[in-house]
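Residues per chain are reported as follows:
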Amino acid sequence: MGRIKVLAEEVANRIAAGEVIERPVSVVRELVENAIDAGATEITINIESGGKKLIKVSDNGIGMSEDDALQAFERHSTSKIESVTDIFQINTLGFRGEALPSIASVSNLKMVTRDADSDVASKVVFDSGKLVDYSKTSSTVGTTFTIRNLFRKIPARKKFLKTNRVEYKHIFDYLHYQSIMYPEIHFKFVADNKEKLNYQSVDDKEQRMLAVFGTQFFESDVIKIDREKEGMSLTGYISGLEEENSGFTDYRYLFVNGRYIKDRIISHSLRAAYNPFIKKLRIYRDGKIPPYILFLNISATQVDFNVHPSKLEIRFNDPGKVHNFVKNTINSKLLDYEEDKFREIKTRINKSSNNRTTDVDRRIFKKKTDKKRFSEVKKELDQLYQPDIFKKKSKDEEKIEKEYLDKRKEMFLLPEEDVINPWQLHQSYIFVQVEEGLIIIDQHAAHERIIYEKILHRIHGAPPNAQKLLFPIVIDLPPHLSNSIPELISENISIFHKIGFSIKTFSGDSIVIDEIPIELENWDGGDVFIEIIKQLENEFEQTEDFRDSISKSVACKAAIKAGRKMTKKEMLALINDLFACEVPYYCPHGRPLIIKMTIADFEKKFKRNQ
């Protein structure tokens, strides 16, 4: 008897489900996108326990007829593709025909649907892939799916799900993206009987973005993008070049033909467009692309959405063409922005030579002058090369170094006689000569490790070290965060206090802070706290340990940044504190923060050992 067999339908469906349905947000994505394709103007999503216990999606789309209601659960059944050529010019969100049978195979599913031509609705019920009920019922036009007990009979899959909060966050983020993309649809999201989103339908994306991000978004330094060329269009907003850009922090959204996408080609094109302006942007020192919300539309024949079962990846037919279009569009807008700023500043200076200009004004104005004076060039070179490293140390410097080395000699990596005048490279890396060669320390990562361990010690019993603000700060949360941040804070308020925060909440969208950890030197008017919370949610998805996550988040924002010039005293203090840590060789995220190069390494590079 042959060994190769055709899989049973139930087994085949579960294999397909393993590709399409990874977690609760996968179910929500498939059902919401089907509702959008069905022309729905109202979509309501209700979940319990992060979607593990319940997912309910209701829409007022065109619904299905009695015949289609059952046919929809056959594998590869779809109303959106008829021929092979349709696969390469997809204009809908859902198209594979695997979603419904996949969901039905891993849950208890009930669907109630009715189209405008039917007097009654059809009800279809599945239990782990088996049809258990098909009957008539009453309903308005549209479709409602009720999914219960996801992966109940597949414990191997269920154990890979994260906590309820993490699974909820995935769903919240997805609906957040969709609400921006489709302003004409009324989105309502309820989690564990609490309303989290409720965006009424509006006429355009700008009105929806006001509802999602608040008025501070458009009051901040943003540049509007709107360009069409060769069958492609790019619209949306990018960050300007001001150092202070509150209201537009940490938003990096790309939509391609109506889908939220993360694409390396677009990311690279944005980085290339901003590259000439890199020195103006503080955020670039963290290695991030400046914030953006962009909508790219391209001919359906020029992009392939059929790359991944969950439709998270795409492939452009001509990636170079897309890359150049996005890069040139953004770069041109940034150049126009600089020219406008320059003219504005020049006019202001010409009106009155006594007018005081800002640091940004002076930087932009100096950038546009044809020639630089020698003193200016020398100043820039001094910052880069730090010629004083070759000068003999002053008595004060020698005294400071000796005090540090004597005090914590046992904690220091090297004996005193081997420590040779630490210095910085590009104000980002600390170099120290040792007997065997050279050690290089990433100053940001090192400081991050130091603060991370200090905060963990406080959480586990060490006394808090806080600084009281002269005036309490009231932080108005953006609408899309006001339903999640206060709850997150209240659930973990004791940990925030141990770290050094004194936090009070007023209403659902306001937080009052009057004490902050001593390490947060650059408080930035409270915006840093929002950044900490955003990063916290990302960290929490990875570790699921709130204490570890908040420690990493605060440490990342409090640590000195790459690009900051440090004195020798500061460098020595940093080195001493680093080697007093329990784990001095890696940052909190596991990346190395020290590199050692031996004399043998240098000789090999210079081919002296051949």
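Because the structure is a prediction, the values reported are computed rather than measured.

### Points about the overall build of the protein
Line of reasoning, step 1. Within the protein, the secondary structure is distributed over 21 helices and 22 strands.
Line of reasoning, step 2. Looking at the protein as a whole, 48% of its 610 residues qualify as buried.
Line of reasoning, step 3. For the protein, restricting intrachain contacts to residue pairs at least 6 apart in sequence, the fraction spanning at least 24 positions comes to 68%.
Line of reasoning, step 4. Of the roughly 31,400 Å² of accessible surface on the protein, a fraction of 50% belongs to carbon and sulfur atoms.

### Considerations on the packing of helix α7 (residues 164-181) against helix α8 (residues 205-213)
Geometry of a packed helix pair, given as the angle between the helix axes and the separation of the axes.
Line of reasoning, step 1. Contact geometry for α7 and α8: axes closest at 8 Å, N-to-C directions at 145°. Of the residues in α8, those touching α7 at His176, Ser179, Ile180 and Met181 are Lys205, Arg208, Met209, Val212 and Phe213.
Line of reasoning, step 2. Taken together, the residues that form the contact of α7 with α8 break down as five nonpolar, two polar and two charged.

### Some words on the sheet that holds strand β1 (residues 42-48)
Line of reasoning, step 1. Across the sheet, which stays open at both edges, the eight strands sit in the order β5-β4-β3-β6-β2-β1-β7-β8 with mixed pairing between neighbours. One side of each edge strand has no neighbouring strand; the edge strands of this open sheet are β5 (130-137) and β8 (194-199). Between one strand axis and the next, the sheet turns by 10° as a mean value, whatever way the strands run.
Line of reasoning, step 2. As paired strands, strand β4 (residues 121-127) and β5 are joined by seven bridges and run antiparallel to one another. Note that in β5 the partner of Phe126 across the bridge is Leu131.
Line of reasoning, step 3. With respect to the sheet, helix α2 (residues 24-37) is in contact with β1, β2 (54-59), β6 (142-148) and β7 (186-191), its orientation differing from that of β2 by roughly 10°.

### Let's talk about the environment of Ala562
Line of reasoning, step 1. Note that Ala562 resides in the loop between α19 (546-558) and α20 (568-578).
Line of reasoning, step 2. Look at Ala562 and you get buried, because its relative accessible area is 19%.
Line of reasoning, step 3. Remark: the alpha-carbon pair of Ala562 and Gln427, spanning 135 residues in sequence, is separated by 6.4 Å.

### A word on the environment of Gly50
Line of reasoning, step 1. Locating Gly50 in the fold gives a position in the loop between β1 and β2.
Line of reasoning, step 2. In contact with Gly50, not counting residues within four places along its chain, are Pro24, Asn164, Glu167, Tyr168 and Ile171.

### Describing α8
Line of reasoning, step 1. Arg208, Met209, Val212 and Phe213 are the residues of α8 that are buried. In a view along the axis of α8, the buried residues occupy a sector of 110°, so they form one face of it.
Line of reasoning, step 2. Residue Asp204 occupies the N-cap position of α8, its side-chain oxygen lying 3.2 Å from the main-chain nitrogen of Glu206.
Line of reasoning, step 3. With its phi angle positive at about 85°, Gly214 sits one or two positions after the end of α8.

### Remarks on the packing of aromatic side chains
Line of reasoning, step 1. Counting across every chain of the model gives 17 aromatic pairs.
Line of reasoning, step 2. The interplanar angle of 75° and the centroid separation of 6.2 Å between the aromatic rings of Tyr253 and Tyr260 together place this pair among those described as edge-to-face. Both residues of the pair, Tyr253 and Tyr260, count as buried.
Line of reasoning, step 3. Taken together, the aromatic side chains of Tyr177, Phe213, Tyr251, Tyr253, Phe255, Tyr260 and Phe295 make up a single cluster linked through ring pairs.
Line of reasoning, step 4. Over the aromatic face of Phe295 sits the side chain of Lys205, whose NZ or CZ is 5.0 Å from the ring centroid.

### A look at the environment of Thr235
Line of reasoning, step 1. As for its position among the elements, Thr235 is in strand β10 (residues 232-239).
Line of reasoning, step 2. Take Thr235: its relative accessible area is 26%, and that puts it in the partly exposed class.
Line of reasoning, step 3. Once the C-alpha coordinates of Thr235 and Ile293 are considered, the two residues, 58 residues apart in sequence, prove to be 8.5 Å apart.

### Description of a nonpolar patch on the surface
Line of reasoning, step 1. Residues Leu70, Leu131 and Tyr134 make up a contiguous nonpolar surface patch of roughly 230 Å² in combined accessible area.
Line of reasoning, step 2. Here Tyr134 shows up in strand β5.

### Focus on the nonpolar core
Line of reasoning, step 1. Core analysis: the biggest nonpolar cluster contains 59 residues, and Val32, Ile43, Phe73 and Phe189 have the highest contact counts within it.
Line of reasoning, step 2. It is α7 that contributes the most residues to this core, eight residues altogether.
Line of reasoning, step 3. Apart from the residues within four sequence positions on either side, Phe73 is in contact with Leu100, Pro101, Ala104, Leu109, Met111, Val124, Phe126 and Phe145.
Line of reasoning, step 4. Grouped together as the second largest cluster of nonpolar side chains are 35 residues, Leu488, Ile513, Ile530 and Ala555 included.

Rules behind the numbers
- Residues numbered from 1 in each chain as written.
- Predicted model: local features only at pLDDT ≥ 70, side-chain atom pairs only at ≥ 80, totals over all residues.
- Heavy atoms only, no water.
- Helix = DSSP H or I, 4+ residues; strand = E, 2+ residues; numbered from the N terminus.
- Buried < 20%, exposed > 50% of the residue type's maximum accessible area, 1.4 Å probe, protein only.
- Contact = heavy atoms within 4.5 Å.
- Areas by Shrake-Rupley, 256 points an atom, 1.4 Å probe, with all protein chains shown as cover.
- Axes fitted to C-alpha atoms, helices over the stretch in contact; angles between N-to-C directions.
- Nonpolar A, V, L, I, M, F, W, Y, C, P; charged D, E, K, R; others polar.
- Pairing = 2+ DSSP bridges.
- Arc of directions from axis to C-beta.
- Polar contact = N/O pair within 3.5 Å; in protein donor to acceptor, adjacent residues only side chain to side chain.
- Phe/Tyr/Trp six-rings, centres within 6.5 Å; stacked < 30°, edge-to-face > 60°.
- Lys NZ or Arg CZ within 6 Å of the ring centre and 35° of its normal.
- Patch = residues over 30% accessible without salt bridge, like charges linked within 9 Å, V, L, I, M, F, W, Y side chains within 5 Å.
- Salt bridge = Lys/Arg side-chain N within 4 Å of Asp/Glu carboxyl O.
- Core = buried A, V, L, I, M, F, W, Y, C linked by side-chain atoms within 4.5 Å.

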